[in-house]
Amino acid sequence: GKRKRSNTSVLYDSDESEDSDILVRKVFAKRHCIMDEDESSEEQQPDKTCPTENVSANRKQKVFAKLKELARQRATQRSCSSENCEDSNGEAENEEEPLYHLSLTPTEGSESDNDSMKDFIIQEEEDDDDNTEHVKSENQPQQKELNTSNSGLLAHYVPYLSRCDHYVHFKRIVKAFLINAIDDTFLSSLYDGTRQKKYAQDMLLSLHYLDDRFIQPRLENLISRSRWKDRYKERVDCYPDVRIILKNPKNVSCEACELNRYCKFNVLLSGKLYNSRTLEADDFMSDDKQVLKVGVVCANRTRVYHNLKHFKYKLYVDCSSITDLDGVEDEPVKDTVERLFSQLEDNGWIQKRYNDLEDYMNDADSFQEEK
C-alpha cells in the first residue's frame with residue numbers, strides 16, 4: 001500500500017516537471033504493473049481484453065445456475081420412475097463433473113459421462129447377450145437359496161454320510177482279511193507294492209485309513225493324558241488278549257502309573273505277538289502271561305486302550321475262523337471271498353463288528369483325564 005501511494009505521488013510530481021520523460025516512463029510502467037495487480041487493466045488497455053475470458057466467465061455462470069437448478073430438481077424428484085431416474089442420473093453427471101472438464105469438446109464430454117455412469121445404468125433389451133446375462137443375474141439369488149438349502153441338508157446328514165464313507169472302508173478291510181485268510185501272502189504283497197490293481201490299492205488305502213485315522217490318534221491321546229510308564233504300555237501293546245479281574249483292594253503302588261492307589265484290579269495279559277501289518281502271529285513264548293495290579297482309572301484306561309490297539313488283529317482272527325469253517329474246496333479264491341462276504345453282509349456280521357469299532361472309538365474319545 002505504501003509503495004502504491006509513493007508511486008502515485010511521484011507520477012503527480014513528474015507531470016509538472018519539464019524534463020522528466022524518463023522518470024515518467026519508469027513510474028508509468030510501475031503504476032501499470034500495480035494496476036494490473038488491482039485488476040484495473042481494462043481502464044488502461046481496453047483494446048487488449050481477450051474475448052475468451054468473457055465467454056468462459058459467462059459459461060461458468062450458466063453452469064452454476066444450472067447446477068443450482070439440478071440440485072433443486074434432484075431433491076424433489078427422488079421418487080421418480082425408472083426413465084426419469086435415468087434422466088436425472090444423466091443430468092447429475094454434469095452436476096458432479098469438475099469445472100476443468102468444461103474445456104473438453106462436446107463429444108469428449110459425452111464419452112466421459114457415459115464411461116462414468118456405465119456401471120450404474122442398466123441397459124434393457126439391447127441384444128440377446130444382454131438378455132441372457134440379465135436372466136442369469138435373476139437366477140443367481142435362486143441358486144444361492146438352493147446352495148444354502150443343500151448345505152443345510154449336508155450339515156444335517158453329515159454323521160450319516162461320514163458313517164457311509166467309514167463303512168465302505170471297513171467292508172474293504174473285511175474283504176482283504178478274507179483273502180489273506182485263504183492266501184496268507186496277500187497283505188504282505190499289498191504293503192510291499194507288488195499288487196497294483198485298483199481293488200488292491202483301494203484295500204491298502206482303507207487299511208491305512210483304519211490305522212492312521214481311526215485307531216492311532218486315539219491311542220496317542222490316551223497315552224498323552226495318562227501317567228503310564230513306558231514299560232506298562234509296551235506290555236499292553238504286545239499281548240493281544242486281556243482280562244481285567246476285580247480283587248480285594250490294597251493300598252500299594254499301581255504297576256501302570258507307579259502311584260500309591262487303592263488297587264483292586266488285576267490285569268491279565270496273554271496271547272501271541274504278531275506283525276502289525278501282515279498280522280502274522282509269532283509262536284515264540286506263546287504261553288507267556290503277565291499279571292499286573294492296577295488302580296481303577298488305569299484299569300479302565302487299559303480296557304479302552306487294549307480294545308482299540310488290537311481290534312484289527314481280532315477282526316482278522318475272526319475272518320480266518322470263518323474261512324476255516326467254510327469247508328468248500330476246489331473253488332477259486334475270488335468266488336469264495338465274494339460268497340463269504342455276501343453271507344457276512346446279509347446276516348449283519350460286518351455291521352456288528354463296525355458298531356463295535358465305533359463303540360471303542362467313542363470310549364476313547366470320552367475317556368476323562370486322571371484326577
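Read on for a plain summary of the structure. (Residues numbered from 1 in each chain as written. Predicted model: local features only at pLDDT ≥ 70, side-chain atom pairs only at ≥ 80, totals over all residues. Heavy atoms only, no water.)

1. As for the packing of helix α13 (residues 311–326) against helix α14 (residues 333–346)
Line of reasoning, step 1. Relative orientation of the contacting elements α13 and α14 amounts to 110°, with a least axis distance of 11 Å. Relative to α14, the element α13 lies roughly perpendicular. Of the two elements, α13 crosses α14, and the hand of that crossing is right-handed. Contacts between α13 and α14 involve I322, T323 and D326 from the former and T336, R339, L340 and L344 from the latter. (Axes fitted to C-alpha atoms, helices over the stretch in contact; angles between N-to-C directions. Helix = DSSP H or I, 4+ residues; strand = E, 2+ residues; numbered from the N terminus. Parallel < 35°, antiparallel > 145°, perpendicular 65-115°, else oblique. Left-handed = near helix turned anticlockwise from the far one by under 90°. Contact = heavy atoms within 4.5 Å.)

2. Considering the pattern of salt bridges
Line of reasoning, step 1. Scanning the model with the defined rule gives 14 salt bridges in all.
Line of reasoning, step 2. Here R195 ties to D183 by a salt bridge, and the two come within 3.7 Å at their closest N and O atoms. Remark: D183 occurs in the loop between α8 (158–182) and α9 (186–191) and R195 occurs in the loop between α9 and α10 (198–224); sequence separation between them is twelve residues.
Line of reasoning, step 3. The exposure class assigned to R195 is partly exposed, which follows from its relative accessible area of 25%. (Salt bridge = Lys/Arg side-chain N within 4 Å of Asp/Glu carboxyl O. Buried < 20%, exposed > 50% of the residue type's maximum accessible area, 1.4 Å probe, protein only.)

3. Quick notes on the packing of α10 against helix α12 (residues 296–309)
Helix packing for two helices is described by the angle between their axes and how far apart those axes are.
Line of reasoning, step 1. Relative orientation of the contacting elements α10 and α12 amounts to 160°, with a least axis distance of 10 Å. Our classification of the angle between α10 and α12 gives roughly antiparallel. Along this stretch, α10 crosses α12, giving a crossing that reads as left-handed. For the pair formed by α10 and α12, the contact residues are I215, R218, L219, L222 and I223 on the first element and R301, V304, Y305, L308 and K309 on the second.
Line of reasoning, step 2. The residue inventory of the contact of α10 with α12, partitioned by class, reads seven nonpolar, no polar and three charged. (Nonpolar A, V, L, I, M, F, W, Y, C, P; charged D, E, K, R; others polar.)

4. Things to note about the sheet that holds strand β1 (residues 241–253)
Picture the strands of a sheet paired through backbone hydrogen bonds; they go either parallel or antiparallel.
Line of reasoning, step 1. In spatial order, the strands read β1-β2-β5; together these three strands make up an open sheet with antiparallel pairing. The open sheet is flanked by β1 and β5 (289–294), the only strands paired with a single partner. Pairs of neighbouring strands in the sheet enclose a mean axial angle of 20°, with direction left out of account.
Line of reasoning, step 2. Where β1 lies against strand β2 (residues 260–270), ten bridges are found, and the strand directions are antiparallel. The partner of S253 across the bridge, within β2, is N260.
Line of reasoning, step 3. Most of the contacts of helix α11 (residues 230–238) go to β5, to which it runs at about 135°, and overall it touches β2 and β5. (Pairing = 2+ DSSP bridges.)

5. A short note on the packing of aromatic side chains
Line of reasoning, step 1. Within this structure, the stated rule accounts for nine aromatic pairs.
Line of reasoning, step 2. Ring centres of Y209 and F214 lie 5.3 Å apart, and the angle between their planes is 80°; this geometry places the pair in the edge-to-face category. Each of the two residues, Y209 as well as F214, counts as buried.
Line of reasoning, step 3. Ring geometry for W228 against Y305: centres 5.6 Å apart, planes inclined by 75°, an arrangement best described as edge-to-face. Of the two residues, W228 sits in the loop between α10 and α11 while Y305 sits in helix α12, which places them 77 residues apart along the sequence. Pair check on accessibility: W228 and Y305 agree, each one buried.
Line of reasoning, step 4. Here the aromatic cluster, defined as three or more aromatic residues joined through ring pairs, consists of Y167, F170, F311, Y354 and Y360. (Phe/Tyr/Trp six-rings, centres within 6.5 Å; stacked < 30°, edge-to-face > 60°.)

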